[in-house]
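Given next are the chains, with one letter for each unit.
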Amino acid sequence: MSIKKQFIKSKPVCKVTFSIDAKSATTAAVIGDFNNWDQKAGVLGKLKNGTFKASFNLPTAASYEFKYIVDGAFVNEAEADSFQWNEFAGAENSVLAL
């Protein structure tokens, strides 16, 4: 799992690339505050090496709670900036700070 941040100097936007190694999985997505927790809006594409990956342009000066969904199972990002308890989910969510 990893997160790559690429800040765009000309705009208040950061290109964030989410990737998760899930060779045996058939589907993966990232859901969070930035896409209204919509699995369809956060679909990750599967690469030949078994990694799922996608990039999103997100507004800066904000933080976002998120999780991965891998074959229906919720997974946190080990390299997240922090973790936040979420009462609705009854679990911790990963946090991305931009």
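Please refer to the structure placed before this passage.
Presented here is a report on the structure given in the accompanying data block. Note that the coordinates shown come from a computational prediction; the quantities given were computed from them, not determined experimentally. (Residues numbered from 1 in each chain as written. Predicted model: local features only at pLDDT ≥ 70, side-chain atom pairs only at ≥ 80, totals over all residues. Heavy atoms only, no water.)

### Observations regarding the pattern of salt bridges
Part 1: Tallied over the full model, the rule gives two salt bridges.
Part 2: Lys-5 serves as the salt-bridge partner of Asp-81, at 2.8 Å between the closest nitrogen and oxygen. Taken together, the positions of Asp-81 in the loop between strand S7 (73–75) and strand S8 (82–86) and Lys-5 in strand S1 (residues 2–8) put the pair 76 residues apart, joining distant regions of the chain.
Part 3: Accessibility expressed as a relative area gives 42% for Asp-81, which makes it partly exposed.
Part 4: In this structure, Lys-23 and Asp-21 form a salt bridge, with 3.1 Å as the shortest nitrogen-oxygen distance.
Part 5: With relative accessibility at 55%, the residue Lys-23 sits in the exposed group. (Salt bridge = Lys/Arg side-chain N within 4 Å of Asp/Glu carboxyl O. Helix = DSSP H or I, 4+ residues; strand = E, 2+ residues; numbered from the N terminus. Buried < 20%, exposed > 50% of the residue type's maximum accessible area, 1.4 Å probe, protein only.)

### Re the pairing of strand S9 (residues 91–97)
Part 1: Where strand S6 (residues 63–70) lies against S9, four bridges are found, and the strand directions are antiparallel. Directly across from Phe-66, in S9, lies its bridge partner Ser-94.
Part 2: Counting the residues between successive antiparallel strands, the hairpin from S8 to S9 contains four residues, one of them, Gly-90, with a positive phi of roughly 70 degrees. (Pairing = 2+ DSSP bridges.)

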